[in-house]
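A closer look at the structure
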Amino acid sequence: HKKWPIEKYDKLIDMLLSYYPSKHVILIGLEQDKVDACFLKKNSDRVINLTGKLSIAQLAALFKVTPLLVCNDGGSGHLADAVGCTVVSIIPGIELPDSIEPFNNKKLSIRAKIECSPCYDFDNCPQGHMLCMRNISVAEVFKMIVKAEKIIN
């Protein structure tokens, strides 16, 4: 319910690898995210899969040297934000705007404006359509990444 569709991440990674030919994509997540990460790996030596391999302390250390994190709303985004990483976060319509975005990166958060938000349902979409996540386009996230990169540099 809080995850941007994996197919959209797939398209985003294609765009990133094409637009930034010298950069790498590092995949992180929990053990249960390994199936998604394998789908996104793309058999590219520029996509590094660390899903399920890092402790919280190791994630914090990674985020200190990572210029940018793109993520769903969750602990990793807030941890990265806390250690100074620039965070583009894809926020579901569960809660009110400006209530759960990473504190130092609120302007880089992306939300879809939909009528049923906020729903306050943390388990399932009450409407069954997941539009708060599905209506966020790959182009919109990519545009925010380019904007964030200009802030970093």
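The following paragraphs examine the structure supplied in this document. Predicted model only: the values in this text are computed from it and were never measured.

**Considerations on the overall build of the protein chain**
For the protein chain, the count of helices and strands is six helices and five strands. Taken against the 2.2 N^0.38 rule, which gives 15 Å for 153 residues, the C-alpha radius of gyration of the protein chain at 15 Å falls within 12% of a compact globule. Counting across all 153 residues of the protein chain, residues that qualify as buried make up 43%. Within the protein chain, residue pairs in contact and separated by at least 24 positions form 51% of the contacts whose partners lie at least 6 positions apart. With an accessible surface of roughly 8700 Å², the protein chain has 56% of that area assigned to carbon and sulfur atoms.

**Thoughts on the environment of Lys-8**
Locating Lys-8 in the fold gives a position in helix 1 (residues 6-19). C-alpha of Lys-8 to C-alpha of Ala-139: the two residues are 131 residues apart in sequence and 9.6 Å apart in space. Setting aside anything within four residues of it in sequence, one finds Lys-8 in contact with Arg-134, Ile-136, Ser-137 and Val-138.

**What to know about helix 4 (residues 75-82)**
Within an α-helix, residues lying three or four positions from one another point in the same direction, as the helix has 3.6 residues per turn. Those residues of helix 4 that sit buried are Gly-77, Ala-80 and Asp-81. Each buried residue of helix 4 lies within a common arc of 100° when the element is viewed along its axis, so the set occupies one face. Of the exposed residues in helix 4, the ones pointing more than 90 degrees away from its buried face are Gly-75 and Ala-82. Along its buried surface, helix 4 packs onto helix 3 (56-65), strand 3 (68-72) and strand 4 (86-91).

**Looking at the nonpolar core**
Counting 29 residues, the largest nonpolar core has Trp-4, Leu-12 and Val-141 as the members making the most contacts within it. Elements with a contribution of two residues or more to this core: helix 1, strand 1 (25-27), helix 2 (34-40), strand 4, helix 5 (131-134) and helix 6 (138-152). If we skip the residues at most four places from it in the chain, Val-141 touches Trp-4, Leu-12, Val-70, Ile-90, Ile-110 and Ile-136. Listed in part, the seven residues of the second largest apolar core include Phe-63, Leu-69, Cys-71 and Val-87.

**Brief notes about the packing of helix 3 against helix 4**
Packing of helix 3 against helix 4 brings their axes to within 9 Å, and their N-to-C directions diverge by 50°. When the axes of helix 3 and helix 4 are compared, the pair comes out oblique. For the crossing formed where helix 3 meets helix 4, the hand is right-handed. Between helix 3, through Ile-56, Leu-59, Ala-60 and Phe-63, and helix 4, the contact on the second element is made entirely by Ser-76, Leu-79 and Ala-80. Tallied by class, residues from the contact of helix 3 with helix 4 come to six nonpolar, one polar and no charged.

**Thoughts on the state of the cysteines**
As used in these notes, a disulfide is a covalent bond between sulfur atoms, one from each of two cysteines. Enumeration according to the criterion identifies zero disulfides in this entry. For Cys-116, which is in no disulfide, the shortest distance to another cysteine sulfur is to Cys-125 and amounts to 5.9 Å. For Cys-116, a relative accessible area of 27% corresponds to the partly exposed category. Just so you know, Cys-132 is unpaired, no disulfide at all, and the nearest cysteine sulfur is the one on Cys-125, 6.2 Å from it.

Definitions and cut-offs
Residues numbered from 1 in each chain as written. Predicted model: local features only at pLDDT ≥ 70, side-chain atom pairs only at ≥ 80, totals over all residues. Heavy atoms only, no water. Helix = DSSP H or I, 4+ residues; strand = E, 2+ residues; numbered from the N terminus. Rg over C-alpha atoms; globule rule 2.2 N^0.38 Å. Buried < 20%, exposed > 50% of the residue type's maximum accessible area, 1.4 Å probe, protein only. Contact = heavy atoms within 4.5 Å. Areas by Shrake-Rupley, 256 points an atom, 1.4 Å probe, with all protein chains shown as cover. Arc of directions from axis to C-beta. Core = buried A, V, L, I, M, F, W, Y, C linked by side-chain atoms within 4.5 Å. Axes fitted to C-alpha atoms, helices over the stretch in contact; angles between N-to-C directions. Parallel < 35°, antiparallel > 145°, perpendicular 65-115°, else oblique. Left-handed = near helix turned anticlockwise from the far one by under 90°. Nonpolar A, V, L, I, M, F, W, Y, C, P; charged D, E, K, R; others polar. Disulfide = S-S within 2.5 Å.

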